[in-house]
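# Chain and residue survey
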Amino acid sequence: MVESTHETCEGLLGSLSDYIDGDLGAELCRQIEKHIAECEDCRIVVDTTRKTIDLVHASNDPQTGLPDDVRNRLYKRLNLDDYLKPSAK
Amino acid sequence: MVETIIQDISIEALRNGDRAEFAQLVDAYSAPIYRLGLRMLGNEQDAEDVLQNTFLSALTHLPAFEGRSSVLTWLYRIAVNEALMILRRGKPEVNIDDTDSSDDNDQISPTQFVDWSALPEDELLSAEGKQALDTAIRNLPENLRMVFLLRDIQDLSIKDTADTLNLTEVNVKVRLLRARLLLREQLSYYYGERMKKEKSNG
Ligand SMILES: [Zn+2]
(Lines give C-alpha, C1' and ligand atoms only; values in the text may rest on other atoms or scores of the structure.)
Protein backbone atom coordinates (compact mmCIF):
# COMPACT_ATOMS: atom_id res chain seq x y z
CA MET A 1 0.00 0.00 0.00
CA VAL A 2 0.88 3.64 -0.38
CA GLU A 3 3.32 4.94 2.22
CA SER A 4 4.47 8.30 0.91
CA THR A 5 2.36 10.96 -0.76
CA HIS A 6 4.64 10.81 -3.77
CA GLU A 7 3.47 7.34 -4.62
CA THR A 8 0.26 8.79 -5.96
CA CYS A 9 0.30 10.74 -9.21
CA GLU A 10 -1.62 13.57 -7.58
CA GLY A 11 0.82 13.73 -4.68
CA LEU A 12 3.71 13.95 -7.08
CA LEU A 13 2.06 16.79 -8.95
CA GLY A 14 1.88 18.81 -5.74
CA SER A 15 5.68 18.73 -5.40
CA LEU A 16 6.43 19.17 -9.09
CA SER A 17 7.55 22.83 -8.91
CA ASP A 18 9.79 22.26 -5.90
CA TYR A 19 11.27 19.18 -7.52
CA ILE A 20 12.06 21.00 -10.77
CA ASP A 21 13.46 24.02 -8.94
CA GLY A 22 15.70 21.78 -6.85
CA ASP A 23 14.01 22.82 -3.61
CA LEU A 24 13.18 19.31 -2.45
CA GLY A 25 15.13 17.20 0.04
CA ALA A 26 17.03 14.11 -1.06
CA GLU A 27 14.49 11.64 0.34
CA LEU A 28 11.55 13.29 -1.42
CA CYS A 29 13.53 13.45 -4.65
CA ARG A 30 14.24 9.74 -4.32
CA GLN A 31 10.52 9.01 -3.90
CA ILE A 32 9.68 11.04 -6.98
CA GLU A 33 12.40 9.40 -9.05
CA LYS A 34 11.12 5.98 -8.00
CA HIS A 35 7.59 6.97 -9.03
CA ILE A 36 8.54 8.32 -12.45
CA ALA A 37 10.66 5.28 -13.17
CA GLU A 38 7.45 3.26 -12.99
CA CYS A 39 4.83 5.75 -14.16
CA GLU A 40 5.24 6.87 -17.77
CA ASP A 41 2.58 9.59 -17.59
CA CYS A 42 4.22 11.30 -14.64
CA ARG A 43 7.66 10.94 -16.23
CA ILE A 44 6.33 12.80 -19.27
CA VAL A 45 4.70 15.49 -17.13
CA VAL A 46 7.96 16.05 -15.23
CA ASP A 47 10.11 16.13 -18.38
CA THR A 48 7.80 18.36 -20.40
CA THR A 49 7.20 20.76 -17.50
CA ARG A 50 10.94 21.08 -17.01
CA LYS A 51 11.34 21.64 -20.76
CA THR A 52 8.57 24.24 -20.73
CA ILE A 53 10.46 26.28 -18.13
CA ASP A 54 13.75 25.82 -20.03
CA LEU A 55 12.10 27.16 -23.18
CA VAL A 56 10.72 30.15 -21.33
CA HIS A 57 14.20 30.96 -20.07
CA ALA A 58 15.82 30.34 -23.46
CA SER A 59 13.34 32.54 -25.32
CA ASN A 60 13.67 35.35 -22.80
CA ASP A 61 16.95 37.03 -23.51
CA PRO A 62 17.88 39.10 -20.46
CA GLN A 63 20.47 40.96 -22.51
CA THR A 64 17.73 42.60 -24.52
CA GLY A 65 18.26 46.23 -23.68
CA LEU A 66 15.99 49.21 -23.82
CA PRO A 67 15.39 50.66 -27.29
CA ASP A 68 17.36 53.91 -27.59
CA ASP A 69 14.34 56.09 -28.29
CA VAL A 70 12.47 54.68 -25.28
CA ARG A 71 15.53 55.32 -23.16
CA ASN A 72 15.92 58.91 -24.40
CA ARG A 73 12.29 59.73 -23.68
CA LEU A 74 12.55 58.18 -20.20
CA TYR A 75 15.57 60.28 -19.28
CA LYS A 76 13.89 63.43 -20.59
CA ARG A 77 10.72 62.70 -18.66
CA LEU A 78 12.77 62.25 -15.48
CA ASN A 79 14.80 65.40 -16.14
CA LEU A 80 17.94 63.31 -16.29
CA ASP A 81 19.02 64.45 -19.77
CA ASP A 82 22.45 65.41 -18.50
CA TYR A 83 23.05 61.78 -17.46
CA LEU A 84 22.08 60.42 -20.85
CA LYS A 85 25.27 58.73 -21.92
CA PRO A 86 25.37 56.56 -24.99
CA SER A 87 23.98 53.14 -24.06
CA ALA A 88 26.74 50.84 -22.87
CA LYS A 89 25.94 47.68 -24.81
CA MET B 1 23.44 40.23 -13.62
CA VAL B 2 20.95 42.70 -12.19
CA GLU B 3 21.62 41.69 -8.61
CA THR B 4 25.30 42.52 -8.78
CA ILE B 5 24.61 46.12 -9.72
CA ILE B 6 22.44 46.66 -6.67
CA GLN B 7 25.36 46.84 -4.26
CA ASP B 8 26.69 49.94 -5.96
CA ILE B 9 23.51 51.90 -5.43
CA SER B 10 23.22 53.70 -2.13
CA ILE B 11 19.70 53.83 -0.70
CA GLU B 12 20.85 56.67 1.52
CA ALA B 13 21.97 58.75 -1.45
CA LEU B 14 18.74 57.96 -3.30
CA ARG B 15 16.67 59.11 -0.35
CA ASN B 16 18.67 62.31 -0.13
CA GLY B 17 17.77 63.11 -3.71
CA ASP B 18 21.17 62.41 -5.26
CA ARG B 19 20.44 62.68 -8.99
CA ALA B 20 23.54 60.84 -10.14
CA GLU B 21 22.54 57.92 -7.94
CA PHE B 22 19.01 57.98 -9.30
CA ALA B 23 20.36 58.00 -12.84
CA GLN B 24 22.34 54.90 -11.96
CA LEU B 25 19.19 53.23 -10.62
CA VAL B 26 17.34 54.05 -13.82
CA ASP B 27 20.24 52.74 -15.86
CA ALA B 28 20.34 49.46 -13.94
CA TYR B 29 16.64 48.64 -13.85
CA SER B 30 14.90 50.30 -16.79
CA ALA B 31 15.44 47.33 -19.12
CA PRO B 32 13.93 44.64 -16.83
CA ILE B 33 11.00 46.91 -15.98
CA TYR B 34 10.34 47.65 -19.63
CA ARG B 35 10.41 43.91 -20.41
CA LEU B 36 7.99 43.22 -17.58
CA GLY B 37 5.65 45.87 -18.95
CA LEU B 38 5.87 44.38 -22.43
CA ARG B 39 5.06 40.91 -21.11
CA MET B 40 2.22 42.14 -18.95
CA LEU B 41 0.57 44.45 -21.46
CA GLY B 42 1.69 43.10 -24.82
CA ASN B 43 2.41 46.42 -26.54
CA GLU B 44 5.27 48.90 -26.61
CA GLN B 45 3.29 52.05 -25.91
CA ASP B 46 1.81 50.68 -22.68
CA ALA B 47 5.16 49.21 -21.66
CA GLU B 48 6.76 52.64 -22.09
CA ASP B 49 4.01 54.24 -19.97
CA VAL B 50 4.66 51.66 -17.24
CA LEU B 51 8.38 52.36 -17.43
CA GLN B 52 8.03 56.14 -17.15
CA ASN B 53 5.33 56.05 -14.48
CA THR B 54 7.32 53.58 -12.40
CA PHE B 55 10.36 55.81 -12.14
CA LEU B 56 8.29 58.98 -11.70
CA SER B 57 6.48 57.28 -8.85
CA ALA B 58 9.77 56.00 -7.44
CA LEU B 59 11.13 59.54 -7.48
CA THR B 60 8.11 60.76 -5.51
CA HIS B 61 8.14 57.93 -3.00
CA LEU B 62 11.87 57.46 -2.46
CA PRO B 63 11.99 59.60 0.69
CA ALA B 64 9.52 57.16 2.26
CA PHE B 65 11.31 54.01 1.06
CA GLU B 66 12.40 52.19 4.18
CA GLY B 67 14.62 49.63 2.56
CA ARG B 68 12.79 46.68 4.06
CA SER B 69 12.61 45.10 0.63
CA SER B 70 15.27 45.31 -2.04
CA VAL B 71 15.08 48.29 -4.38
CA LEU B 72 14.34 45.97 -7.26
CA THR B 73 11.38 44.35 -5.47
CA TRP B 74 10.13 47.79 -4.58
CA LEU B 75 10.40 48.98 -8.19
CA TYR B 76 8.70 45.84 -9.47
CA ARG B 77 5.84 46.40 -7.04
CA ILE B 78 5.35 49.92 -8.39
CA ALA B 79 5.60 48.64 -11.97
CA VAL B 80 3.08 45.85 -11.36
CA ASN B 81 0.61 48.34 -9.91
CA GLU B 82 1.13 50.72 -12.82
CA ALA B 83 0.56 47.89 -15.26
CA LEU B 84 -2.55 46.73 -13.44
CA MET B 85 -3.96 50.25 -13.63
CA ILE B 86 -3.53 50.16 -17.39
CA LEU B 87 -5.07 46.69 -17.60
CA ARG B 88 -8.03 47.78 -15.52
CA ARG B 89 -8.80 50.60 -17.92
CA GLY B 90 -10.18 47.95 -20.23
CA LYS B 91 -11.56 45.40 -17.81
CA PRO B 92 -12.36 46.27 -14.20
CA GLU B 93 -12.45 42.69 -12.95
CA VAL B 94 -8.67 42.15 -12.88
CA ASN B 95 -7.73 41.08 -9.39
CA ILE B 96 -4.55 39.59 -8.05
CA ASP B 97 -5.31 39.96 -4.37
CA ASP B 98 -5.01 37.16 -1.87
CA THR B 99 -8.75 37.36 -1.22
CA ASP B 100 -9.45 36.15 -4.72
CA SER B 101 -7.96 32.75 -4.13
CA SER B 102 -11.17 30.74 -4.39
CA ASP B 103 -9.85 28.75 -7.31
CA ASP B 104 -6.40 28.19 -5.87
CA ASN B 105 -7.37 24.84 -4.41
CA ASP B 106 -8.45 23.31 -7.67
CA GLN B 107 -5.73 20.95 -8.78
CA ILE B 108 -4.94 21.12 -12.46
CA SER B 109 -4.81 17.62 -13.84
CA PRO B 110 -2.60 17.04 -16.85
CA THR B 111 -4.50 15.74 -19.87
CA GLN B 112 -1.74 15.78 -22.50
CA PHE B 113 0.82 12.99 -22.32
CA VAL B 114 2.80 13.50 -25.51
CA ASP B 115 6.52 13.44 -24.84
CA TRP B 116 7.90 16.32 -26.86
CA SER B 117 10.74 17.06 -24.43
CA ALA B 118 13.36 15.42 -26.64
CA LEU B 119 12.60 17.46 -29.75
CA PRO B 120 15.66 19.44 -30.88
CA GLU B 121 15.96 22.92 -29.36
CA ASP B 122 16.02 24.75 -32.71
CA GLU B 123 12.74 23.12 -33.59
CA LEU B 124 11.19 23.93 -30.21
CA LEU B 125 12.32 27.53 -30.48
CA SER B 126 11.62 28.16 -34.15
CA ALA B 127 9.91 31.48 -34.88
CA GLU B 128 6.60 29.67 -34.87
CA GLY B 129 7.43 27.82 -31.67
CA LYS B 130 8.37 31.05 -29.92
CA GLN B 131 5.12 32.57 -31.00
CA ALA B 132 3.18 29.62 -29.62
CA LEU B 133 5.01 30.07 -26.33
CA ASP B 134 4.27 33.81 -26.19
CA THR B 135 0.62 33.19 -26.96
CA ALA B 136 0.42 30.49 -24.29
CA ILE B 137 1.89 32.87 -21.71
CA ARG B 138 -0.48 35.64 -22.73
CA ASN B 139 -3.41 33.24 -22.39
CA LEU B 140 -2.68 32.47 -18.74
CA PRO B 141 -5.29 33.86 -16.35
CA GLU B 142 -4.14 37.21 -14.99
CA ASN B 143 -3.49 36.13 -11.40
CA LEU B 144 -1.36 33.18 -12.55
CA ARG B 145 0.43 35.16 -15.22
CA MET B 146 1.66 37.79 -12.78
CA VAL B 147 3.26 35.16 -10.57
CA PHE B 148 4.71 33.34 -13.55
CA LEU B 149 6.19 36.51 -15.09
CA LEU B 150 7.94 37.55 -11.90
CA ARG B 151 9.21 34.12 -10.93
CA ASP B 152 10.01 32.36 -14.21
CA ILE B 153 10.67 35.30 -16.51
CA GLN B 154 12.01 38.09 -14.30
CA ASP B 155 13.72 35.43 -12.19
CA LEU B 156 12.62 36.66 -8.75
CA SER B 157 12.73 34.27 -5.80
CA ILE B 158 9.49 32.86 -4.39
CA LYS B 159 9.82 35.27 -1.48
CA ASP B 160 10.44 38.35 -3.63
CA THR B 161 7.54 37.38 -5.88
CA ALA B 162 5.32 37.10 -2.81
CA ASP B 163 6.52 40.48 -1.50
CA THR B 164 6.02 42.17 -4.84
CA LEU B 165 2.45 40.92 -5.25
CA ASN B 166 1.49 41.02 -1.58
CA LEU B 167 0.79 37.32 -1.61
CA THR B 168 1.86 34.59 0.78
CA GLU B 169 4.69 32.32 -0.34
CA VAL B 170 2.30 29.37 -0.28
CA ASN B 171 -0.02 31.22 -2.58
CA VAL B 172 2.81 32.05 -4.95
CA LYS B 173 3.84 28.40 -5.09
CA VAL B 174 0.31 27.23 -5.79
CA ARG B 175 -0.17 29.77 -8.56
CA LEU B 176 3.26 29.09 -10.03
CA LEU B 177 2.50 25.38 -10.28
CA ARG B 178 -0.86 26.05 -11.90
CA ALA B 179 0.71 28.46 -14.38
CA ARG B 180 3.45 26.01 -15.30
CA LEU B 181 1.00 23.14 -15.72
CA LEU B 182 -1.32 25.24 -17.88
CA LEU B 183 1.59 26.29 -20.08
CA ARG B 184 2.75 22.71 -20.32
CA GLU B 185 -0.74 21.64 -21.43
CA GLN B 186 -0.85 24.27 -24.15
CA LEU B 187 2.66 23.52 -25.40
CA SER B 188 1.99 19.76 -25.31
CA TYR B 189 -1.02 20.29 -27.50
CA TYR B 190 0.94 22.50 -29.89
CA TYR B 191 4.05 20.28 -30.17
CA GLY B 192 1.90 17.15 -30.20
CA GLU B 193 0.12 18.42 -33.30
CA ARG B 194 3.44 19.23 -34.90
CA MET B 195 4.84 15.80 -34.18
CA LYS B 196 1.75 14.22 -35.73
CA LYS B 197 2.11 16.34 -38.85
CA GLU B 198 5.76 15.44 -39.21
CA LYS B 199 4.98 11.76 -38.95
CA SER B 200 2.25 11.91 -41.59
CA ASN B 201 4.57 13.87 -43.89
CA GLY B 202 6.93 10.92 -43.79
ZN1 LIG C 1 2.25 8.83 -11.69
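These lines cover the structure that appears in this document, whether it is placed above or below.

Conventions adopted
- Residues numbered from 1 in each chain as written.
- Chains lettered and ligands numbered in written order.
- Predicted model: local features only at pLDDT ≥ 70, side-chain atom pairs only at ≥ 80, totals over all residues.
- Heavy atoms only, no water.
- Donors = N, O, S within 2.8 Å, 3.2 Å for Na, K, Ca; no water.
- Tetrahedral: all angles 85-135°; square planar, octahedral: opposite > 155°, others 65-115°.
- Buried < 20%, exposed > 50% of the residue type's maximum accessible area, 1.4 Å probe, protein only.
- Helix = DSSP H or I, 4+ residues; strand = E, 2+ residues; numbered from the N terminus.
- Polar contact = N/O pair within 3.5 Å; in protein donor to acceptor, adjacent residues only side chain to side chain.
- Contact = heavy atoms within 4.5 Å.
- Buried area = accessible area lost by both parts, 1.4 Å probe.
- Salt bridge = Lys/Arg side-chain N within 4 Å of Asp/Glu carboxyl O.
- Nonpolar A, V, L, I, M, F, W, Y, C, P; charged D, E, K, R; others polar.
- Core = buried A, V, L, I, M, F, W, Y, C linked by side-chain atoms within 4.5 Å.
- Domains from an automatic or database assignment.

A few words on the coordination of the zinc ion. Residue and element names in this part refer to chain A. Taken together, the protein donors to the zinc ion comprise Cys9 (SG), His35 (NE2), Cys39 (SG) and Cys42 (SG), at separations of 2.0 to 2.4 Å. Taken together, the four donor atoms surrounding the zinc ion define angles of 104 to 117 degrees at the centre, an arrangement classified as tetrahedral. Classification of Cys9 as partly exposed rests on a relative accessible area of 40%. For Cys42, a relative accessible area of 8% translates into the label buried.

Right, let's get into the environment of Pro63 of chain B. Within the secondary structure, Pro63 of chain B is located in the loop between α4 (44-61) and α5 (71-90). The sequence separation of Pro63 of chain B and Ile33 of chain B amounts to 30 residues, and the corresponding C-alpha distance is 21 Å.

Tracing the backbone shows Glu185 of chain B in helix α10 (residues 169-200). Of note is the side chain of Glu185 of chain B, whose polar atom sits 3.4 Å from the backbone nitrogen of Gln112 of chain B.

As a further point, take the environment of Cys9 of chain A. Residue and element names in this part refer to chain A. Assignment of secondary structure puts Cys9 in helix α1 (residues 9-14). Expressed as a C-alpha distance, the spacing of Cys9 and Asp41, which sit 32 residues apart in the sequence, is 8.8 Å. The residues touching Cys9, leaving out its near neighbours within four places in the chain, are His35, Cys39 and Cys42.

For the rest of this paragraph, the subject is the interface of chain A and chain B. Accessible area lost on assembly of the parts is the figure often given for the size of an interface. Each partner contributes to the interface: chain A provides 41 residues, whereas chain B provides 46 residues. Summing both partners gives a buried area of about 4000 Å² for chain A against chain B, and 62% of it is carried by carbon and sulfur. Across the pair Asp82 of chain A and Arg19 of chain B runs a salt bridge, and its minimum N-O distance is 3.1 Å. Here chain A is connected to chain B by 15 residue pairs in polar contact (both at pLDDT 80 or more). Only α1, α2 (16-20), α4 (40-59) and α5 (68-77) of chain A provide two or more residues apiece to the side of chain A that touches chain B. In terms of residues, the side of chain A that touches chain B owes the most to one element, α4 of chain A, which gives 15 residues. Its residues assigned to classes, the side of chain A that touches chain B comprises 17 nonpolar, eleven polar and 13 charged.

What follows covers the nonpolar core. Grouped together as the largest cluster of nonpolar side chains are 68 residues, with contacts concentrated most on Phe22, Leu25, Tyr29, Met40, Phe55, Leu75 and Phe148 of chain B. With twelve residues, α5 of chain B is the largest single contributor of residues to this core. Shared between two domains, this core holds at least three residues of each, these being domain 1 (2-90) and domain 2 (121-200) of chain B. Discounting residues that sit within four places of it in the chain, Phe55 of chain B has contacts with Leu74 and Leu78 of chain A together with Phe22, Leu25, Val26, Tyr29, Ser30, Ile33 and Leu75 of chain B. Ile20, Cys42, Val45 and Ile53 of chain A belong to the second largest nonpolar core, which has 17 residues in total.

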